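What follows is each chain in one-letter form.
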Amino acid sequence: MKRISALELVGKTILDVDLYNINGELLYPVGTQLNPSLVMQMNYMQLFIQPEKKKTKLIDDDYELVGEPEIKSIIPDDVTENLVGNTKKILYDALDGKKPDINICEATRDIILDEVTDKLDKAECIGQLRVFDHYTYSHTVNVSSMCSALGIMLGFSEEDLKKLALGGLLHDIGKMRVSKAILNKPDKLTPEEFNEMKNHTIYGYDIIKKELRLPEDIARVALEHQEKYGGLGYPHGLKGKEIHLYAQVAAICDVYDALVSQRVYKKAIPSHEAIKIMLSEGSRSFNPFMLYKFIYLANYKDTSNLITPDGMEELTPEQIENMDTTV
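Residues numbered from 1 in each chain as written. Predicted model: local features only at pLDDT ≥ 70, side-chain atom pairs only at ≥ 80, totals over all residues. Heavy atoms only, no water.

Visitor: Tell me what's going on with the overall build of the protein, and back it up with residues and numbers.
Guide: What the protein contains, in helices and strands, is 13 helices and four strands. Considering only intrachain contacts with a sequence separation of at least 6, the fraction spanning at least 24 residues in the protein is 65%. (Helix = DSSP H or I, 4+ residues; strand = E, 2+ residues; numbered from the N terminus. Contact = heavy atoms within 4.5 Å.)

Structure below.
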């Protein structure tokens, strides 16, 4: 049997596979009605599917957004078009085995930082700083944008914000160097193929560090954005402050955008439901102080089950990085 994460069920209303426990006993049959409460309950369980069952694809096909997003972006249409166009050029260069144009990368980063700096105080929630287009391209822009906003909230310096925004923009670039056969495979990935997919973090690090010759701080966003604060992520199973500060920021923004975005295999879920799921993960996945800050950016009011020690709001980025808050 193959283990499945409850996060893969987010946005579905009906279960389309049988779910089993580790002993092979059927827990939830196909057709079970899903709701946010049940998915959160499943998040604390070990769930498995039979290997012959079709598994949700890990990579989205290119497609247009259908329907109206939950939250309207305040990024102008012409700016969105420019950002998405630049991002497409960056990713396609990497897909074709070419060195991405560093000037386009940095220009895109600067546009994102300018927009976020100008509009952060005007936005009612962080969702208004996202753009909506093809998921592959908008996700890259959105992670960079939300990283910038969270970095500002955390008191990062201008230099840190530039590195963080660029790291967010390039965090998934390694996926473009994963085998096209795996990227475009319509069926479930084998364990070997899934391991290759995980290598996108290493490929991304190499592109940023060796080809673009950008600083280690930026490259580690690509390398470590899939690490979990509790130590169960990949590629190296880092824990707590072992994970680079920028990557801790990117991990939160990456998960949030994936949850609230429409995908080929799932609908977008409301922001408040995404936050509930992230809260249920807590420090197993995220730096708790950063998550606390992100919740306020997301304009989520119910923070009753997120406890933040007194005085944490006054900490500097350096103090945050050196905190011993691992679980």
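Structure shown, so let's carry the discussion forward.
Visitor: I'd like to hear about the pattern of salt bridges, residue by residue, with values.
Guide: Counted according to the given criterion, the structure contains 13 salt bridges. Residue K122 is joined to D118 by a salt bridge in which the shortest nitrogen-to-oxygen separation is 3.6 Å. The exposure class of K122 is exposed, given its relative accessible area of 57%. Residue class for D118 comes out partly exposed when judged on its relative accessible area of 41%. In this structure, the salt-bridge partner of E281 is R284, at a minimum N-O distance of 3.9 Å. Within this structure, E115, D118, K119 and K122 form a network of salt bridges that share partners. (Salt bridge = Lys/Arg side-chain N within 4 Å of Asp/Glu carboxyl O. Buried < 20%, exposed > 50% of the residue type's maximum accessible area, 1.4 Å probe, protein only.)

Visitor: Explain the environment of F48 to me, using residue names and the numbers behind them.
Guide: Among the structural elements, F48 can be located in strand 4 (residues 47–49). When its relative accessible area of 10% is taken as the criterion, F48 is described as buried. Each residue touching F48, except ones within four places of it in the same chain, is listed here: M1, K2, R3, I4, D18, L19, Y20, N21 and I22.

Visitor: Any chance you could break down the confidence of the model for the protein for me, citing the residues and the numbers?
Guide: Predicted confidence across the protein gives a mean pLDDT of 83, with 83% of residues reaching 70 or more. Contacts from residues 52–67, a stretch scored under 50 in pLDDT, to residues over four places away or in other chains number 38 contacts. Overall, residues 323–327 carries pLDDT values under 50, and its contacts beyond four positions in sequence, including any with other chains, amount to twelve contacts. (pLDDT = per-residue confidence, 0-100.)

Visitor: Describe in detail the nonpolar core, supporting the description with residues and values.
Guide: If you look at the biggest cluster of nonpolar residues, it comprises 81 residues, and the most contacted ones within it are L19, M42, I126, L170, V249, Y256 and F294. Tallying contributions element by element places helix 10 (residues 245–260) first for this core, with ten residues. For F294, the contacting residues outside a window of four places in its chain are I126, M146, L150, I252, C253, Y256 and I275. If you look at the next biggest cluster of nonpolar residues, it comprises five residues, including V178, I182, L189 and M197. (Core = buried A, V, L, I, M, F, W, Y, C linked by side-chain atoms within 4.5 Å.)

Visitor: Requested: an account of helix 7 (residues 191–198), with residues and values cited.
Guide: Helical geometry: 3.6 residues make up each α-helical turn, so side chains three or four residues apart lie on a common side. Burial in helix 7 covers these residues: E193, E196 and M197. Burial along helix 7 is one-sided: seen end-on, the buried residues are contained in an arc of 105°. Looking at the packing, one finds that the buried side of helix 7 touches helix 6 (180–183) and helix 8 (200–211). (Arc of directions from axis to C-beta.)

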